[in-house]
Amino acid sequence: MTYDNILLERDGSTAMVTLNRPERRNALSLATLGELTACFRALGSDPEVRVAILRGNGPAFSAGHDIGEMVAKDGGFYRQLFEACTALMETIQGIPQPVIAQVHGIATAAGCQLVASCDLAVAAEEARFATPGVKIGLFCSTPMVALSRAVGARRAMEMLLTGEAISAQDALAAGLVNRVVPAAELAAATKAIAAKIAASSPYVVAIGKAAFYRQLQMPQPLAYDYAQDVMSMNAAAADAQEGMKAFLEKRPAEWCIR
């Protein structure tokens, strides 16, 4: 597929999805949201892709919604926009492959939501994160959903109420990102994590990703009941049997399930 607002490249079994509106700091227009959703849905059904990296061209990861297209619109447009945004975030977490955000510059509002919705995130040292909608009269209610699930309630509420940016190190401490590295090492550090994920059985990784998000919504006793069922099914699968045999025989596993 070809896109107007994003780029899609392949690096072995890793898909590289790049926000490509640098002149708008990769603002998430309605068209961009639609392209990202279509792209990730296509990647989700591609058995050759084991992991995806989401990054941005230009000076920023993403400045959030494109405010320029939001002025003087009717309620139908706003509903369509926020439904499209929600569809993207749910698609990222719903596809079998893990998605890693590679963050530089700023990730604000829906851009911060995008980071929080990815399965993992690596940030450059100078990266900044914010949900500043309150400052322009538009509380970041949809970004709040992903943010409040990625960081503690107090930290999320402070970001939402003040609109102030936090540093990459603060984002690391809060759990919004997994790793902070110098800007020169950002791409390599992100690819290194992707390579580790790609080395595991894609079937097992997909089982684990789906189970992770499902059990998060359950009370602990129900989560354990569900996890027992998932792990029992997983243990009987060919890749689990192969992995356990390879471990005992001290050899690399040869995955067979796509």
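Everything discussed here concerns the structure shown above.
Our subject in this report is the structure included herewith. Nothing here was measured: the structure is a model prediction, and the numbers come from that model.

### Notes on the layout of surface pockets
Then, number 1: Taken as a whole, the largest pocket holds about 690 Å³ of empty space.
Then, number 2: Lining the largest pocket we find 25 residues, and of these Gln93, Ala116, Ala146, Arg149 and Tyr213 sit closest to its centre.
Then, number 3: Elements represented by at least two residues in the lining of the largest pocket include exactly α2 (75–94), α3 (110–117), β6 (120–124), α4 (141–150) and α8 (202–216).
Then, number 4: The greatest single-element share of the lining of the largest pocket, amounting to 5 residues, is contributed by α4.
Then, number 5: Estimates place the volume of the second largest pocket at around 270 Å³.
Then, number 6: Taken together, 18 residues form the lining of the second largest pocket, with His65, Ala109, Gly133, Leu138 and Cys140 sitting closest to its centre.

### A closer look at the packing of aromatic side chains
Then, number 1: Applying the stated criterion across every chain, the model contains 2 aromatic pairs.
Then, number 2: For the ring pair Phe77 and Tyr78, a centre distance of 5.9 Å and an interplane angle of 75° mean the geometry is edge-to-face.
Then, number 3: A relative accessible area of 15% means that Phe77 is categorised as buried.
Then, number 4: Overall, Tyr78 belongs to the partly exposed group, its relative accessible area being 25%.
Then, number 5: In this structure, Lys73 is placed above the aromatic ring of Phe77, and the distance from its NZ or CZ to the ring centre is 4.3 Å.

What counts and how
- Residues numbered from 1 in each chain as written.
- Predicted model: local features only at pLDDT ≥ 70, side-chain atom pairs only at ≥ 80, totals over all residues.
- Heavy atoms only, no water.
- 1 Å grid on protein atoms, 1.4 Å probe; cavity = no way out; pocket = protein on both sides within 12 Å on 5 of 7 lines; lining within 4 Å.
- Points joined across faces, edges and corners; volume = space filled by probe spheres on them.
- Helix = DSSP H or I, 4+ residues; strand = E, 2+ residues; numbered from the N terminus.
- Phe/Tyr/Trp six-rings, centres within 6.5 Å; stacked < 30°, edge-to-face > 60°.
- Buried < 20%, exposed > 50% of the residue type's maximum accessible area, 1.4 Å probe, protein only.
- Lys NZ or Arg CZ within 6 Å of the ring centre and 35° of its normal.

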